[in-house]
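# Structural characterization, general
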Amino acid sequence: MANNKVLQPKKRTLFLYMFPSVVLFLVFTAIPIIMAIYYSLFNWSGGKKKIFLGLGNYSRLLGIPSLEKHCSITLFWQPAVWFFK
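Definitions and cut-offs
- Residues numbered from 1 in each chain as written.
- Predicted model: local features only at pLDDT ≥ 70, side-chain atom pairs only at ≥ 80, totals over all residues.
- Heavy atoms only, no water.
- Helix = DSSP H or I, 4+ residues; strand = E, 2+ residues; numbered from the N terminus.
- Buried < 20%, exposed > 50% of the residue type's maximum accessible area, 1.4 Å probe, protein only.
- Expected span 1.5 Å × (residues − 1).
- Bend = angle between axes of the 7 residues up to and from the residue.
- Contact = heavy atoms within 4.5 Å.
- Phe/Tyr/Trp six-rings, centres within 6.5 Å; stacked < 30°, edge-to-face > 60°.
- Lys NZ or Arg CZ within 6 Å of the ring centre and 35° of its normal.
- pLDDT = per-residue confidence, 0-100.

Along the backbone of the protein chain there are 4 helices and 2 strands. The principal-axis extent of the C-alpha atoms belonging to the protein chain is close to 70 × 45 × 20 Å. A buried classification covers 6% of the 85 residues belonging to the protein chain.

On to helix α4 (residues 67-84), then. Helix length check: α4 (18 residues) gives 26 Å between terminal C-alpha atoms against 26 Å at 1.5 Å per residue, within 8%. Considering bend angle alone, the principal kink of α4 is centred on W77 and spans about 30°; proline P79 follows within four residues of it.

Looking now at the environment of S45. Residue placement: S45 occurs in the loop between β1 (42-43) and β2 (51-52). On the basis of relative accessibility, which here comes to 77%, the residue S45 falls in the exposed class.

This part covers the environment of L16. Note that L16 resides in helix α2 (residues 11-39). Spatially, the C-alpha atoms of L16 and K49 are 42 Å apart, while their sequence positions differ by 33 residues.

Position of N57 relative to the elements: it lies in helix α3 (residues 56-62). Apart from the residues within four sequence positions on either side, N57 is in contact with S40, L41 and F42.

Attention now goes to the packing of aromatic side chains. Under the defined criterion, the tally for this structure stands at 7 aromatic pairs. Between the aromatic rings of Y39 and W44, the centroid separation amounts to 4.8 Å while the plane-to-plane angle is 25°, which identifies the pairing as stacked. Positioned over the ring face of F42 is K50, at 5.3 Å from the centre of the ring. When the ring centre of W44 is taken as origin, the NZ or CZ atom of K50, which lies over that ring, is 5.3 Å away.

Residues shown with low pLDDT carry predicted positions that ought not to be read at fine detail. Of all residues in the protein chain, 92% have pLDDT values of 70 or greater, and the mean over the chain is 88. At the level of individual helices and strands, the protein chain shows its lowest average pLDDT in helix α1 (residues 2-7), which scores 59, and its highest in α2, which scores 94.

Put into structure tokens, the structure is as follows:
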């Protein structure tokens, strides 16, 4: 039984090994996704004035008549891109 305790890594060691990858994930993946969702709720051109629209940008996007055509073209060509990648 004493040998099993020796082989188990300490929690601090596991934390130290995981910490850099978690920080990189947050900085380069999670935070940009959250910020993109946040900014998509506003009418904003990068200046100081932001106008809150809520889901208005998304409702306007779904109202575009050619959206179905563009999405179907994307879904048609995506498998080819994956295959030839």
